[in-house]
Amino acid sequence: MKGVIVAAGYGTRFLPVTKTVPKEMLPVGTKPSIAYIVEEFIASGIREIAIISSRRKKCLEDYFDREIELEEVFRREGKTDKLALVAPPEADIFFVRQREMRGTGHALLQVRSFVGGEPCVVAYPDDLHVGARPLAGQLAEVYARTGKSVMATILEPGDVSRYGVVDPADDGEGVRGFIEKPARGKEPSHEVSIGRYLYTPEFFDLLAEGWAKHESGEYFHTYALDRLIAAGKVAYKRVEGERLDTGEPGGYLDAILRNAAADPALRPVLERFAKERLGL
Ligand code: G1P
(Lines give C-alpha, C1' and ligand atoms only; values in the text may rest on other atoms or scores of the structure.)
Protein backbone atom coordinates (compact mmCIF):
# COMPACT_ATOMS: atom_id res chain seq x y z
CA MET A 1 0.00 0.00 0.00
CA LYS A 2 1.32 3.42 -0.93
CA GLY A 3 0.33 6.86 0.33
CA VAL A 4 -0.23 10.12 -1.52
CA ILE A 5 -0.73 13.57 -0.02
CA VAL A 6 -2.22 16.24 -2.25
CA ALA A 7 -0.53 19.44 -1.14
CA ALA A 8 -0.31 21.55 -4.27
CA GLY A 9 -3.13 24.04 -3.61
CA TYR A 10 -2.75 27.77 -3.01
CA GLY A 11 -4.38 27.75 0.44
CA THR A 12 -6.30 30.94 -0.31
CA ARG A 13 -8.50 30.59 2.80
CA PHE A 14 -5.39 31.26 4.86
CA LEU A 15 -4.07 34.31 3.03
CA PRO A 16 -1.94 36.29 3.66
CA VAL A 17 0.26 33.77 5.55
CA THR A 18 0.02 31.31 2.64
CA LYS A 19 1.76 33.80 0.35
CA THR A 20 4.97 32.28 1.68
CA VAL A 21 4.09 29.48 4.13
CA PRO A 22 2.35 26.42 2.66
CA LYS A 23 -0.96 25.74 4.37
CA GLU A 24 0.31 22.22 5.15
CA MET A 25 3.08 23.73 7.29
CA LEU A 26 0.69 25.61 9.59
CA PRO A 27 1.20 24.07 13.04
CA VAL A 28 -1.22 22.26 15.28
CA GLY A 29 0.76 22.44 18.51
CA THR A 30 4.39 22.49 17.44
CA LYS A 31 3.97 20.10 14.52
CA PRO A 32 2.93 21.07 10.99
CA SER A 33 -0.45 19.66 10.03
CA ILE A 34 1.02 17.55 7.19
CA ALA A 35 3.16 15.65 9.73
CA TYR A 36 -0.01 14.24 11.29
CA ILE A 37 -0.98 12.70 7.94
CA VAL A 38 2.47 11.16 7.51
CA GLU A 39 2.16 9.71 11.05
CA GLU A 40 -1.28 8.31 10.18
CA PHE A 41 0.19 6.63 7.09
CA ILE A 42 3.13 5.16 8.99
CA ALA A 43 0.83 3.89 11.77
CA SER A 44 -1.18 2.24 8.97
CA GLY A 45 1.90 0.41 7.68
CA ILE A 46 2.49 2.69 4.68
CA ARG A 47 6.21 3.25 4.04
CA GLU A 48 6.23 4.91 0.62
CA ILE A 49 4.61 8.31 0.49
CA ALA A 50 4.42 10.79 -2.38
CA ILE A 51 3.65 14.43 -1.67
CA ILE A 52 2.24 16.37 -4.60
CA SER A 53 3.46 19.91 -4.11
CA SER A 54 3.98 22.95 -6.28
CA ARG A 55 6.18 26.00 -6.70
CA ARG A 56 6.97 28.00 -3.56
CA LYS A 57 6.53 24.95 -1.34
CA LYS A 58 10.19 23.98 -1.02
CA CYS A 59 10.03 24.05 2.78
CA LEU A 60 7.89 20.89 2.68
CA GLU A 61 10.89 19.06 1.23
CA ASP A 62 13.20 20.56 3.83
CA TYR A 63 10.84 19.59 6.62
CA PHE A 64 11.01 15.90 5.77
CA ASP A 65 14.78 15.95 5.27
CA ARG A 66 17.42 15.57 7.99
CA GLU A 67 18.52 18.64 9.92
CA ILE A 68 22.16 17.68 10.34
CA GLU A 69 23.37 20.82 12.07
CA LEU A 70 20.72 20.60 14.80
CA GLU A 71 21.31 16.85 15.11
CA GLU A 72 24.99 17.50 15.82
CA VAL A 73 24.24 20.13 18.44
CA PHE A 74 21.70 17.93 20.22
CA ARG A 75 23.96 14.88 20.05
CA ARG A 76 26.87 16.86 21.51
CA GLU A 77 24.66 18.14 24.31
CA GLY A 78 23.09 14.70 24.90
CA LYS A 79 19.57 16.02 24.25
CA THR A 80 17.95 12.83 23.01
CA ASP A 81 14.39 14.18 23.35
CA LYS A 82 15.22 17.06 21.01
CA LEU A 83 17.04 14.68 18.64
CA ALA A 84 13.84 12.66 18.32
CA LEU A 85 11.89 15.83 17.50
CA VAL A 86 14.01 16.63 14.44
CA ALA A 87 14.34 13.06 13.15
CA PRO A 88 12.77 12.55 9.71
CA PRO A 89 9.88 10.07 9.50
CA GLU A 90 10.55 6.38 9.01
CA ALA A 91 9.19 6.26 5.50
CA ASP A 92 10.43 7.04 2.00
CA ILE A 93 9.01 10.42 1.07
CA PHE A 94 8.90 11.39 -2.60
CA PHE A 95 8.05 14.80 -3.98
CA VAL A 96 6.28 15.44 -7.25
CA ARG A 97 5.33 18.87 -8.46
CA GLN A 98 2.10 19.79 -10.13
CA ARG A 99 3.36 22.37 -12.59
CA GLU A 100 0.04 24.04 -13.29
CA MET A 101 -3.06 24.21 -11.12
CA ARG A 102 -5.39 22.07 -13.22
CA GLY A 103 -7.49 20.38 -10.51
CA THR A 104 -7.39 17.26 -8.32
CA GLY A 105 -7.54 14.78 -11.21
CA HIS A 106 -4.57 16.43 -12.90
CA ALA A 107 -2.69 16.50 -9.57
CA LEU A 108 -3.20 12.77 -9.02
CA LEU A 109 -2.01 11.95 -12.54
CA GLN A 110 1.41 13.25 -11.43
CA VAL A 111 1.80 10.19 -9.17
CA ARG A 112 0.45 7.55 -11.54
CA SER A 113 3.86 5.96 -12.12
CA PHE A 114 4.75 6.19 -8.40
CA VAL A 115 1.59 4.30 -7.49
CA GLY A 116 2.11 1.67 -10.19
CA GLY A 117 0.09 -1.51 -9.77
CA GLU A 118 -0.62 -1.09 -6.03
CA PRO A 119 -3.60 0.33 -4.21
CA CYS A 120 -2.92 3.64 -2.49
CA VAL A 121 -4.45 5.91 0.10
CA VAL A 122 -4.84 9.52 -1.01
CA ALA A 123 -5.06 12.20 1.68
CA TYR A 124 -6.16 15.80 1.41
CA PRO A 125 -4.23 17.26 4.33
CA ASP A 126 -7.04 19.56 5.53
CA ASP A 127 -8.64 16.55 7.16
CA LEU A 128 -6.82 15.29 10.23
CA HIS A 129 -7.87 12.16 12.05
CA VAL A 130 -7.77 11.49 15.78
CA GLY A 131 -8.59 8.04 17.03
CA ALA A 132 -7.37 4.71 18.31
CA ARG A 133 -7.07 3.18 14.83
CA PRO A 134 -5.39 5.20 12.05
CA LEU A 135 -7.78 6.18 9.29
CA ALA A 136 -5.72 4.96 6.31
CA GLY A 137 -5.56 1.56 8.01
CA GLN A 138 -9.35 1.53 8.43
CA LEU A 139 -9.72 2.04 4.67
CA ALA A 140 -7.11 -0.65 3.95
CA GLU A 141 -9.17 -3.16 5.95
CA VAL A 142 -12.25 -2.53 3.83
CA TYR A 143 -10.15 -2.87 0.67
CA ALA A 144 -8.65 -6.16 1.91
CA ARG A 145 -12.14 -7.54 2.45
CA THR A 146 -13.92 -6.17 -0.64
CA GLY A 147 -11.19 -5.44 -3.24
CA LYS A 148 -12.96 -2.12 -3.88
CA SER A 149 -11.83 1.49 -3.76
CA VAL A 150 -12.94 3.05 -0.48
CA MET A 151 -14.19 6.51 0.46
CA ALA A 152 -13.93 7.72 4.05
CA THR A 153 -17.15 9.28 5.34
CA ILE A 154 -18.60 10.91 8.43
CA LEU A 155 -22.23 11.25 9.38
CA GLU A 156 -23.13 14.95 9.21
CA PRO A 157 -26.61 15.39 10.69
CA GLY A 158 -26.86 19.07 9.65
CA ASP A 159 -26.44 20.83 6.31
CA VAL A 160 -24.37 18.78 3.85
CA SER A 161 -24.43 21.15 0.88
CA ARG A 162 -20.70 21.94 1.17
CA TYR A 163 -19.71 18.26 0.96
CA GLY A 164 -19.64 15.38 -1.49
CA VAL A 165 -22.47 13.10 -0.37
CA VAL A 166 -22.62 9.32 -0.74
CA ASP A 167 -25.73 7.45 -1.84
CA PRO A 168 -25.23 4.24 0.16
CA ALA A 169 -26.19 0.86 -1.28
CA ASP A 170 -28.57 -1.35 0.71
CA ASP A 171 -25.74 -3.49 2.08
CA GLY A 172 -24.54 -0.48 4.14
CA GLU A 173 -21.08 -0.60 2.58
CA GLY A 174 -21.29 -0.14 -1.19
CA VAL A 175 -21.56 3.28 -2.84
CA ARG A 176 -24.45 3.48 -5.31
CA GLY A 177 -23.97 7.11 -6.22
CA PHE A 178 -22.18 10.28 -5.20
CA ILE A 179 -23.24 13.89 -5.48
CA GLU A 180 -20.73 16.69 -5.06
CA LYS A 181 -22.20 19.60 -3.10
CA PRO A 182 -25.93 18.84 -3.55
CA ALA A 183 -28.47 21.63 -3.19
CA ARG A 184 -30.18 21.65 0.20
CA GLY A 185 -32.90 19.00 0.28
CA LYS A 186 -31.41 17.13 -2.70
CA GLU A 187 -28.89 15.10 -0.70
CA PRO A 188 -29.18 11.31 -1.03
CA SER A 189 -28.02 10.80 2.60
CA HIS A 190 -26.02 12.48 5.34
CA GLU A 191 -22.99 10.25 4.77
CA VAL A 192 -20.42 12.81 3.64
CA SER A 193 -17.07 12.19 2.06
CA ILE A 194 -13.93 13.52 3.74
CA GLY A 195 -10.42 13.89 2.39
CA ARG A 196 -9.25 10.28 2.52
CA TYR A 197 -9.68 7.78 -0.33
CA LEU A 198 -8.25 4.38 -1.06
CA TYR A 199 -7.89 3.90 -4.80
CA THR A 200 -7.22 0.72 -6.73
CA PRO A 201 -4.84 1.02 -9.73
CA GLU A 202 -7.88 1.08 -12.04
CA PHE A 203 -8.69 4.54 -10.68
CA PHE A 204 -5.49 5.90 -12.25
CA ASP A 205 -6.20 4.17 -15.58
CA LEU A 206 -9.62 5.83 -15.71
CA LEU A 207 -8.09 9.13 -14.71
CA ALA A 208 -5.61 8.94 -17.61
CA GLU A 209 -8.38 7.94 -20.01
CA GLY A 210 -10.48 10.98 -19.00
CA TRP A 211 -7.51 13.33 -19.19
CA ALA A 212 -6.81 12.26 -22.78
CA LYS A 213 -10.30 13.50 -23.69
CA HIS A 214 -10.27 16.54 -21.41
CA GLU A 215 -10.25 19.79 -23.34
CA SER A 216 -9.75 22.75 -21.06
CA GLY A 217 -9.96 24.03 -17.49
CA GLU A 218 -9.58 22.03 -14.30
CA TYR A 219 -9.81 18.27 -14.27
CA PHE A 220 -11.19 16.62 -11.15
CA HIS A 221 -10.66 13.22 -9.50
CA THR A 222 -14.43 12.71 -9.63
CA TYR A 223 -14.15 11.77 -13.32
CA ALA A 224 -12.57 8.42 -12.37
CA LEU A 225 -14.43 8.05 -9.07
CA ASP A 226 -17.84 8.38 -10.78
CA ARG A 227 -16.90 5.65 -13.24
CA LEU A 228 -15.74 3.28 -10.51
CA ILE A 229 -18.98 3.94 -8.62
CA ALA A 230 -21.07 3.25 -11.74
CA ALA A 231 -19.24 -0.09 -12.07
CA GLY A 232 -20.06 -0.98 -8.43
CA LYS A 233 -16.39 -0.86 -7.44
CA VAL A 234 -16.50 1.61 -4.55
CA ALA A 235 -17.28 1.09 -0.86
CA TYR A 236 -17.43 3.60 1.97
CA LYS A 237 -16.11 3.47 5.49
CA ARG A 238 -17.58 5.66 8.18
CA VAL A 239 -14.58 6.96 10.09
CA GLU A 240 -14.00 5.51 13.55
CA GLY A 241 -12.64 8.30 15.70
CA GLU A 242 -12.82 12.03 15.04
CA ARG A 243 -12.14 14.11 11.99
CA LEU A 244 -10.74 17.62 12.33
CA ASP A 245 -11.27 19.99 9.43
CA THR A 246 -8.31 22.36 9.29
CA GLY A 247 -9.29 23.63 5.84
CA GLU A 248 -10.69 26.93 7.09
CA PRO A 249 -9.61 29.21 9.94
CA GLY A 250 -12.43 28.21 12.35
CA GLY A 251 -11.77 24.48 12.00
CA TYR A 252 -8.05 25.10 12.27
CA LEU A 253 -8.54 26.98 15.55
CA ASP A 254 -10.70 24.11 16.80
CA ALA A 255 -7.88 21.65 16.03
CA ILE A 256 -5.40 23.82 17.94
CA LEU A 257 -7.71 24.07 20.95
CA ARG A 258 -8.34 20.32 21.04
CA ASN A 259 -4.62 19.70 20.85
CA ALA A 260 -4.03 22.12 23.72
CA ALA A 261 -6.81 20.57 25.79
CA ALA A 262 -5.11 17.16 25.47
CA ASP A 263 -1.65 18.50 26.37
CA PRO A 264 -0.99 18.67 30.13
CA ALA A 265 1.47 21.53 29.63
CA LEU A 266 -1.00 23.66 27.65
CA ARG A 267 -4.34 22.77 29.22
CA PRO A 268 -3.89 25.16 32.18
CA VAL A 269 -3.46 28.03 29.69
CA LEU A 270 -6.74 27.09 28.04
CA GLU A 271 -8.52 26.81 31.36
CA ARG A 272 -7.25 30.18 32.51
CA PHE A 273 -8.29 31.72 29.19
CA ALA A 274 -11.78 30.22 29.44
CA LYS A 275 -12.18 31.56 32.97
CA GLU A 276 -10.64 34.98 32.63
CA ARG A 277 -11.53 35.93 29.08
CA LEU A 278 -14.69 33.99 28.36
CA GLY A 279 -16.12 33.96 31.87
CA LEU A 280 -16.76 30.21 31.72
C1 G1P B 1 -13.77 18.38 -0.93
C2 G1P B 1 -14.44 17.24 -1.72
C3 G1P B 1 -15.79 16.87 -1.09
C4 G1P B 1 -15.59 16.55 0.40
C5 G1P B 1 -14.89 17.72 1.11
C6 G1P B 1 -14.56 17.29 2.54
O7 G1P B 1 -14.47 19.56 -1.14
O8 G1P B 1 -14.59 17.61 -3.08
O9 G1P B 1 -16.33 15.74 -1.74
O10 G1P B 1 -16.84 16.29 1.02
O11 G1P B 1 -13.66 18.07 0.45
O12 G1P B 1 -13.96 18.32 3.26
P13 G1P B 1 -13.83 21.03 -0.79
O14 G1P B 1 -14.07 21.23 0.69
O15 G1P B 1 -12.40 20.98 -1.16
O16 G1P B 1 -14.63 21.99 -1.61
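Rules of the game
Residues numbered from 1 in each chain as written. Predicted model: local features only at pLDDT ≥ 70, side-chain atom pairs only at ≥ 80, totals over all residues. Heavy atoms only, no water. Helix = DSSP H or I, 4+ residues; strand = E, 2+ residues; numbered from the N terminus. Polar contact = N/O pair within 3.5 Å; in protein donor to acceptor, adjacent residues only side chain to side chain. Contact = heavy atoms within 4.5 Å. Near = heavy atom within 4 Å. Areas by Shrake-Rupley, 256 points an atom, 1.4 Å probe, with all protein chains shown as cover. Nonpolar A, V, L, I, M, F, W, Y, C, P; charged D, E, K, R; others polar. Patch = residues over 30% accessible without salt bridge, like charges linked within 9 Å, V, L, I, M, F, W, Y side chains within 5 Å. Salt bridge = Lys/Arg side-chain N within 4 Å of Asp/Glu carboxyl O. Lys, Arg positive; Asp, Glu negative; His and termini not counted. Charge placed at Lys NZ, Arg CZ, Asp CG, Glu CD. Buried < 20%, exposed > 50% of the residue type's maximum accessible area, 1.4 Å probe, protein only. Core = buried A, V, L, I, M, F, W, Y, C linked by side-chain atoms within 4.5 Å. Phe/Tyr/Trp six-rings, centres within 6.5 Å; stacked < 30°, edge-to-face > 60°. Lys NZ or Arg CZ within 6 Å of the ring centre and 35° of its normal.

**With respect to the side chain of E191**
In this structure, E191 sits in strand β11 (residues 191-199). Looking at E191, its side chain comes within polar contact range of the side chain of T153, at 2.9 Å. Excluding anything up to four places from it in sequence, E191 contacts T153, I154, L155, G164, V165, V166, Y236 and R238.

**Let's talk about the site of the ligand**
Around the ligand, the neighbouring residues are D127, Y163, G164, F178, E180, K181, S193 and R243. Here an oxygen atom of the ligand sits 2.6 Å away from a polar atom, N or O, in the main chain of S193. In this structure, an oxygen atom belonging to the ligand sits 3.2 Å away from a side-chain N or O atom of R243. Starting from 380 Å² of accessible surface for the ligand in isolation, the protein chains cover 71%. Of the residues in the shell around the ligand, the class split is 2 nonpolar, 2 polar and 4 charged.

**Things to note about a negative patch on the surface**
On the surface, a cluster of negative charge is contributed by E61, D62, D65, E67, E69 and E72. Of all the secondary structure elements, the ones that give two or more residues to the negative patch are α2 (58-63) and α3 (68-76). For E72, a relative accessible area of 46% corresponds to the partly exposed category.

**What to know about a positive patch on the surface**
A cluster of like positive charges, contributed by R55, R56, K58 and R97, occupies part of the molecular surface. Exposure remark for R56: the relative accessible area of 56% places this residue in the exposed category.

**Brief notes about the pattern of salt bridges**
A side chain with one charge can pair with a side chain of the opposite charge if their charged atoms come near. Inspection of the entire model under this criterion finds 26 salt bridges. When the shortest N-O distance is used, the salt bridge between K23 and D126 registers 2.9 Å. In this pair, K23 sits in the loop between β1 (2-6) and β2 (27-28) while D126 sits in the loop between β6 (120-123) and β7 (127-130), placing the two residues 103 residues apart along the sequence. Given a relative accessible area of 17%, D126 falls into the buried group. Residues R267 and E271 are paired through a salt bridge, measuring 3.1 Å at the closest nitrogen-oxygen approach. One end of the pair is R267 and the other is E271, both in helix α11 (residues 267-276) and 4 residues apart, which spans about a single turn. The exposure class assigned to R267 is partly exposed, which follows from its relative accessible area of 39%.

**Looking at the nonpolar core**
Formed by 39 residues in total, the largest nonpolar core has its most connected members in I5, F41, I49 and I51. Only α1 (33-43), β4 (48-53), β6, α7 (135-146), β8 (149-155), β11 and α10 (249-261) provide two or more residues apiece to this core. Excluding anything up to four places from it in sequence, I5 contacts I34, I37, V38, F41, I49, A50, I51, I52, A123 and P125. Formed by 32 residues, the second largest nonpolar core is a distinct cluster that contains V115, C120, V122 and Y197.

**Overview of the packing of aromatic side chains**
On inspection of all chains with the given rule, the structure shows 10 aromatic pairs. Taking 5.7 Å as the distance between ring centres and 90° as the angle between the ring planes, the aromatic pair formed by F14 and Y252 counts as edge-to-face. With F14 in the loop between β1 and β2 and Y252 in helix α10, this residue pair connects regions lying 238 residues apart in the sequence. Across the pair, Y252 and F14 agree in class, each one buried. The structure contains a cluster of three or more aromatic residues connected by ring pairs, namely Y124, Y197, Y199, F203 and F204. Positioned over the ring face of F114 is K2, at 5.1 Å from the centre of the ring. Its end group placed over the ring of Y36, K31 keeps NZ or CZ at 4.6 Å from the ring centre.

**Regarding a nonpolar patch on the surface**
A contiguous nonpolar surface patch, about 360 Å² in accessible area, is contributed by F273, L278 and L280. By the element assignment, L278 lies in the segment after α11.

**Some thoughts on the environment of V17**
Within the secondary structure, V17 is located in the loop between β1 and β2. Residue class for V17 comes out partly exposed when judged on its relative accessible area of 36%. The spacing of V17 and V4 is 13 residues in sequence and 25 Å in space, taken between C-alpha atoms.

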